[in-house]
Amino acid sequence: MTCKEVLFSDHAITQMFKRNISVDDVKLVIEKGEIIAEYSSDKPYPSCLMLACINNRPIHIVVGRDEEKERCIVITAYEPDPNIWEPGFKSKRS
């Protein structure tokens, strides 16, 4: 995903701090990560769930995309729980 600007919601900043996820980690997920779910009806911008392993640590981020201004708005970031996610962290357990 290409973003000219990356913005962080207050919620994202709080969760990143609590979970020891850095701004650089999140930017790497945006740059090199894989989109594993898309939420095209999210408002005010369509968003997606992205996954990347940073320093052998899986990280999920939810990011909205303002296509008009080519900017990404990070909504939250977390390390996926292996009790909730299938191995590989791309789909939830049923």
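For the structure itself, look to the data block above.
Description of the structure in this document. Just so it is clear, the structure is predicted and the values come from calculations on it, not from any experiment. (Residues numbered from 1 in each chain as written. Predicted model: local features only at pLDDT ≥ 70, side-chain atom pairs only at ≥ 80, totals over all residues. Heavy atoms only, no water.)

1. Quick word on helix 1 (residues 10-19)
Reasoning step 1: Looking at helix 1, one finds that the buried residues are A12, Q15 and M16. Looking down the long axis of helix 1, one finds its buried residues gathered within 100 degrees of arc, a one-sided arrangement. Seen from the buried face of helix 1, the exposed residues on the opposite side, beyond 90 degrees, are D10, F17 and K18.
Reasoning step 2: Close packing links the buried residues of helix 1 with strand 1 (5-8), helix 2 (23-32) and strand 5 (71-78).
Reasoning step 3: N20, located one to two residues past helix 1, shows a positive phi value of around 55 degrees. (Buried < 20%, exposed > 50% of the residue type's maximum accessible area, 1.4 Å probe, protein only. Helix = DSSP H or I, 4+ residues; strand = E, 2+ residues; numbered from the N terminus. Arc of directions from axis to C-beta. Contact = heavy atoms within 4.5 Å.)

2. Looking at the nonpolar core
Reasoning step 1: The biggest cluster of nonpolar side chains holds 16 residues, and the ones touching the most others in it are V26, V29, I30, I61 and V63.
Reasoning step 2: Of all the elements in the fold, those that place two or more residues in this core are helix 1, helix 2, strand 3 (47-54), strand 4 (57-66) and strand 5.
Reasoning step 3: With four residues, strand 3 is the single largest residue contributor to this core.
Reasoning step 4: In contact with V29, other than residues within four places in its own chain, are M50, L51, A52, I54, I59 and I61.
Reasoning step 5: Counting residues in hydrophobic clusters, the runner-up holds seven residues, among them I36, L51, V62 and Y78. (Core = buried A, V, L, I, M, F, W, Y, C linked by side-chain atoms within 4.5 Å.)

3. Points about helix 2
Three- or four-residue spacings in an α-helix give side chains the same orientation, since the helix completes a turn every 3.6 residues.
Reasoning step 1: Listing the buried residues of helix 2 in full gives D25, V26, V29 and I30. Taken down its axis, helix 2 places every buried residue within 140 degrees of arc, on the same side. Away from its buried face, by an angle of more than 90 degrees, helix 2 presents the exposed residues D24, E31 and K32.
Reasoning step 2: Those residues of helix 2 that are buried are in contact with strand 1, helix 1, strand 3, strand 4 and strand 5.

4. Digging into the sheet that holds strand 5
Reasoning step 1: Judged by pairing direction, the sheet is mixed, and its five strands sit side by side in the order 1-5-4-3-2 without closing on themselves. Edge positions in the sheet fall to strand 1 and strand 2 (34-39), since each of these pairs with one other strand and no more. On average, each strand axis in the sheet is tilted by 30 degrees relative to the strand beside it, whichever way the strands run.
Reasoning step 2: Against the sheet, helix 1 contacts strand 1, strand 4 and strand 5, and its axis sits at roughly 40 degrees relative to strand 5.
Reasoning step 3: Packing against the sheet, helix 2 makes contact with strand 1, strand 2, strand 3, strand 4 and strand 5, and its axis sits at approximately 110 degrees to strand 3. (Pairing = 2+ DSSP bridges. Axes fitted to C-alpha atoms, helices over the stretch in contact; angles between N-to-C directions.)

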